[in-house]
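# Chain and residue survey
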Amino acid sequence: MVTQLQSPDKSNIIYPDDNGEPMSDNTEQFRLIVWIKENLELLFGNVANVFVAGNLLWYPVEGNNKISQAPDAMVVFGRPKGYRGSYQQWHEDNIAPQVLFEIWSPGNRLTPMIQKFKFYERYGVEEYYLFDPQTLELTGWQRVEEELETIEQMDGWISPRLAVRFGLSETGLEMFGPSGEPFVSFVELAQLRQQAEARAQEAETLLEQERSRSQALESRLREMGIDPNEL
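The notes below deal with the structure included here. (Residues numbered from 1 in each chain as written. Predicted model: local features only at pLDDT ≥ 70, side-chain atom pairs only at ≥ 80, totals over all residues. Heavy atoms only, no water.)

## Quick notes on the nonpolar core
Judged by nonpolar contacts, the single largest core of 26 residues is most densely connected at I36, L40, F101, L162, F166 and M175. If you list the elements that add at least two residues to this core, you get α1 (27–43), β1 (50–53), β3 (73–77), β5 (99–103), β6 (127–132) and β10 (172–176). By residue number, the principal contributor to this core is α1, which donates five residues. The residues contacting M175, other than those within four sequence positions of it, are W35, I36, F101, V164, R165, F166, E181, P182 and F183. (Core = buried A, V, L, I, M, F, W, Y, C linked by side-chain atoms within 4.5 Å. Buried < 20%, exposed > 50% of the residue type's maximum accessible area, 1.4 Å probe, protein only. Helix = DSSP H or I, 4+ residues; strand = E, 2+ residues; numbered from the N terminus. Contact = heavy atoms within 4.5 Å.)

Shown next as structure tokens:
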């Protein structure tokens, strides 16, 4: 008698939204993750089919909930924005995230990071960027056929997918949008908005003062019997 092993029902498999690992180990790592993710959200805010996420579990293989990674930030072209508990690739037209970011933390170990790199390489990532805030080292890889190959010069590199330019300064990582606008924190963005509003208010005040002077002059001319419209 031959016993046939039954394949597990894929519909009954649970894909957890949480892998039990913290999003960050320190304030600087958290700041950078949020900075990258939110600026990318802003950059592609008006593009319907670009999905940006941070610390979201990505499951590339249906039927296997053991194969997953949670990049610090991911960008997926060709998928709509919106809520996801995890990125289950078979529900996403089988589109893998094209661009990933990781921020190195003191808790990272070399072997898991190598495993993560191999995972990204195997499952179709096109661009992968890794930044170490302690050493200020930025490393990038770009897909060439089946492999992720190291980008030789990251300072000044422009991402083919994002059109974002990378820079390195004495204080850390810099990133610039396609028009050259720098990535900023949301505190800096709020400050810029406040400054713009203050300038607009100042311009409105000056305009109102000029309007009042013009009206006063017109009234004075009429008192003198002069029609301003005939001047």
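Here the narrative resumes.
## Concerning the pattern of salt bridges
Counted by the stated rule, this structure contains eight salt bridges. A salt bridge links R84 to E92; its shortest N-O distance comes to 2.7 Å. Of the two residues, R84 and E92, neither departs from the other in class, the shared state being buried. The salt bridge partner of E126 is R161, with a shortest N-O separation of 2.9 Å. (Salt bridge = Lys/Arg side-chain N within 4 Å of Asp/Glu carboxyl O.)

## Comments concerning the sheet that holds β1
Strand pairing in a sheet takes place through backbone hydrogen bonds and is either antiparallel or parallel in direction. Spatially, β1-β3-β5-β6-β7-β8 is the arrangement adopted by the six strands of the open sheet, whose pairing is mixed. The two strands at the open ends of the sheet, each matched to only one other strand, are β1 and β8 (147–150). Sheet twist, expressed as the mean angle between neighbouring strand axes with direction ignored, is 15°. Both strand β7 (residues 137–144) and β8 contribute to a ladder of four bridges, which runs antiparallel. Residue pairing in the sheet places V144 in a bridge with E147 of β8. This element, α1, spans β1, β3, β5 and β6 of the sheet and lies at about 160° to β5. Those strands touched by helix α2 (residues 110–122) are β5, β6, β7 and β8, and its axis lies near 160° from that of β6. (Pairing = 2+ DSSP bridges. Axes fitted to C-alpha atoms, helices over the stretch in contact; angles between N-to-C directions.)

## Regarding α2
With 13 residues, α2 extends 18 Å from end C-alpha to end C-alpha; this agrees with the ideal 18 Å at 1.5 Å per step. Buried within α2 we find M113, K116, F117, F119, Y120 and E121. A positive phi of about 95° marks G124, the residue just after α2. (Expected span 1.5 Å × (residues − 1).)

## Comments concerning the side chain of E121
Mapped onto the secondary structure, E121 falls in helix α2. Despite its burial, E121 pairs with no opposite charge, the nearest such side chain being K118 at 5.3 Å. Look past the residues within four positions of E121 in its chain and what remains in contact with it is R143, E146, E147 and L148. (Lys, Arg positive; Asp, Glu negative; His and termini not counted.)

## Topic: the pairing of β1
Neither face of β1 is open: one carries V50 and V52, the other F51 and A53, and all of them are buried. By the bridge criterion, four bridges tie β1 to β3 in an arrangement that is antiparallel. Opposite V52, over in β3, you have V75 as the bridge partner.

## Some remarks on the pairing of β10
Two faces make up the sheet, and in a regular strand the side chains alternate between them. The buried count for β10 comes to four of five residues, which makes it a mostly enclosed element. Summarising the sheet, strand β9 (residues 165–169) and β10 pair through five bridges and their orientation is antiparallel. Each residue of the ladder has a partner; that of S169, found in β10, is G172. Taking the residues between adjacent antiparallel strands as the criterion, β9 and β10 are bridged by two residues.

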